[in-house]
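# Overview (structure and organization)
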2 protein chains.
Amino acid sequence: MGRGTVYFKSAPRIIATYTVGGPKESEGPLGKYLHQRLSDDKFGEKTFEKAERKMLSYAIDHAVLSSARNFDGIDAVLSGDLLNQIVSASFAAREFDVPFIGLYSACSTMSESLSLGACLIDGGYMDTVVCATGSHFASAERQYRFPLELGCTRPPCAQWTVTGAGATVLSKEGNGPKITMATFGRVVDFGVTDVNNMGAAMAPAAADTLYRHFRETDSRPEDYDYIVTGDLGAYGSSLMDALMKDKGYSISSRHMDCGKMVYHPAETEFQGGSGAGCSAITLNSYFYRELTQKPIKMIFMATGALLSTTTSQQGESVPAISHLVVIDSRRGEAKCR
Amino acid sequence: MGRGTVYFKSAPRIIATYTVGGPKESEGPLGKYLHQRLSDDKFGEKTFEKAERKMLSYAIDHAVLSSARNFDGIDAVLSGDLLNQIVSASFAAREFDVPFIGLYSACSTMSESLSLGACLIDGGYMDTVVCATGSHFASAERQYRFPLELGCTRPPCAQWTVTGAGATVLSKEGNGPKITMATFGRVVDFGVTDVNNMGAAMAPAAADTLYRHFRETDSRPEDYDYIVTGDLGAYGSSLMDALMKDKGYSISSRHMDCGKMVYHPAETEFQGGSGAGCSAITLNSYFYRELTQKPIKMIFMATGALLSTTTSQQGESVPAISHLVVIDSRRGEAKCR
């Protein structure tokens, strides 16, 4: 057993996904792959927080519907989000009459939930679980930065929090893509104190997890069709490629970043998308489609910055984490290589 | 397989624990059982948040020391806390070079971490993990309620957030008490909107989990020496006993509540202790000692209120959750009854 890498002999299956995206995300390059495109970023609710929660519960609900199950067949919901006390996830879970496992891993929640969900199924504890997360630009801005009404200027290294939610139904039976391995991340802090430069804070954590994954599983970048990070953005992605190159691994030709994929290159988003919803909607729309249409073996590693406004105000740097899962839609056995 | 109850065939062992308590907690009835009693509630730090983090990292560090291992022998730390973005846990984990699994379940975090930790060990994914959580009165007051400097009057149904942290080392090998089962909680909301009455908000969630546990495992209160809830407090505990009685189970003679145990009856704490640290220090000091000194089979179910200041300000009621583990220090096989 490697330090942090776990293997799933029974290879839990992704049997359904669902995604909800805000207006800006729906207009972006991934818009056509989203299951539900919103024209109203309040989703009919009175506040952005309630809209975020509604997106998440809508995604969970419709992922379960799309798996041809009802909630009687769901053993647990594993979810978390960016709001204080993960209230989007908890309040969404209130609507479903199933056990709830609350997680917090900032924007790395999608892969944390998939890793733990796969352990619960492969270990024989549960048959079917839902893994889900989401975020909202407006609720994140006012919680982490400034009220939108202030109209603050954004620095060039900033990213744009994705308005969207994604849910994955994992099951011990089915024909969908398999989760074959997970590598749990460590908390890595390179001393970045600029809270507008999350890419730089998260890239070292992602590189740490990926490096450990390659070492512990004796694999190489060439063993994977895609290496997908969560929301490093343009600058963070190039930093990660450079860090991996320093460690002797060239990943740039197969490295894709959900943050870079979610918006058209434009001025206001600068480095691309971020937020727990960024990798959640990208994995569960575009990549899920890819996985079901052709045989692919990919790494999915969402990336999270573990700061709060209080830690920044108290002069702390920004620690980060990245949990990794291997998803494989090739037929036949799913081995390490 | 029951809905939410999972069984651990290999029965992971509690091989070490460690607790740190604040000055008030050290003077209370449990003070003599605490491993580290603080005379300074800032623990030598400049802020209460940094003190909270230091307590948590100190507890994790010393639990590992006390297990006669070093961090090379630890496969993961599972932790969370009450601060926004669980920064106490994340920043504590930054000091340890091991995978980190971030959780959020409010004051139910201790039993959530033990449940998931036991799954990871029993499933064969990890050999040894640390489960930990903590809280601090002063950081919780200013985040959830009012700055201490305001000197607000506390209503009679209020509880007092425990300043303390506790850590449990779980391992697949050893001679300590066994974790034999877990029942994951559901989010239950009885419509309580008084944020000063957490006992009333949490009691229905605890009753829901305990009822499901009895039903799914075909067990009765008499099968357990203790049924220990986290921080329902005096009023919440009597409410839970009444709710269980309605369902046909009389638990009052064996029901103990960490919130009721942690302070001497006095005016300022009203209903007793609360906070993630409340059940963490009580389980890992007093109950761990009980478990190692005599054969006991007990239920430990920490209880959490899943609100945030934003949800309360937006008029929401308080959903709650309680995860449950069965801990057994009797020799021989650990069966359901």
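See the structure above.
In short, a report on the structure.

About the thresholds
- Residues numbered from 1 in each chain as written.
- Chains lettered and ligands numbered in written order.
- Predicted model: local features only at pLDDT ≥ 70, side-chain atom pairs only at ≥ 80, totals over all residues.
- Heavy atoms only, no water.
- Helix = DSSP H or I, 4+ residues; strand = E, 2+ residues; numbered from the N terminus.
- Buried < 20%, exposed > 50% of the residue type's maximum accessible area, 1.4 Å probe, protein only.
- Contact = heavy atoms within 4.5 Å.
- Areas by Shrake-Rupley, 256 points an atom, 1.4 Å probe, with all protein chains shown as cover.
- Core = buried A, V, L, I, M, F, W, Y, C linked by side-chain atoms within 4.5 Å.
- Polar contact = N/O pair within 3.5 Å; in protein donor to acceptor, adjacent residues only side chain to side chain.
- Phe/Tyr/Trp six-rings, centres within 6.5 Å; stacked < 30°, edge-to-face > 60°.
- Lys NZ or Arg CZ within 6 Å of the ring centre and 35° of its normal.

## Quick look at the overall build of chain A
Helix and strand content of chain A: 10 helices and 14 strands. Counting all 337 residues of chain A, 68% fall into the buried class. Long-range contacts, defined as pairs at least 24 residues apart, comprise 78% of the intrachain contacts of chain A with a sequence gap of at least 6. Approximately 11,200 Å² of chain A is accessible, and the part contributed by carbon and sulfur atoms is 47%.

## Points about the nonpolar core
Counting residues in hydrophobic clusters, the biggest one holds 96 residues, and the most contacted among them are M298 and F300 of chain A together with M298 and F300 of chain B. Beyond its immediate stretch of four places on either side in the chain, F300 of chain B contacts M110, S111, L114, V228, C258, S279, L283, H323, L324, V325 and I327 of chain B. M55 and L56 of chain A together with A165 and L306 of chain B belong to the second-largest nonpolar core, a separate cluster that totals 76 residues.

## Observations regarding the side chain of E316 of chain A
Locating E316 of chain A in the fold gives a position in the loop between helix 10 (309–313) and strand 14 (320–328). Its relative accessible area of 12% is what places E316 of chain A among the buried residues. Of the polar contacts made by the side chain of E316 of chain A, one reaches the side chain of R94 of chain B; its length is 3.4 Å. Ignoring sequence-local partners within four residues, the contact set of E316 of chain A consists of T193 and T311 of chain A together with K50, R53, F91 and R94 of chain B.

## Focus on the packing of aromatic side chains
According to the stated counting rule, one finds 20 aromatic pairs over all chains in the structure shown. Ring geometry for Y125 of chain A against F8 of chain B: centres 5.8 Å apart, planes inclined by 65°, an arrangement best described as edge-to-face. Of this pair, Y125 of chain A sits in the loop between helix 4 (109–122) and strand 6 (128–135) while F8 of chain B sits in the loop between strand 1 (5–7) and strand 2 (13–21), placing the two residues on different chains. Judged by its relative accessible area of 5%, Y125 of chain A is buried. The exposure class assigned to F8 of chain B is buried, which follows from its relative accessible area of 4%. The positively charged end of K54 of chain A is found above the aromatic ring belonging to F43 of chain A, 4.5 Å away from the centroid. Directly above the ring of Y211 of chain B sits K247 of chain B, whose terminal nitrogen or CZ lies 4.8 Å from the centroid.

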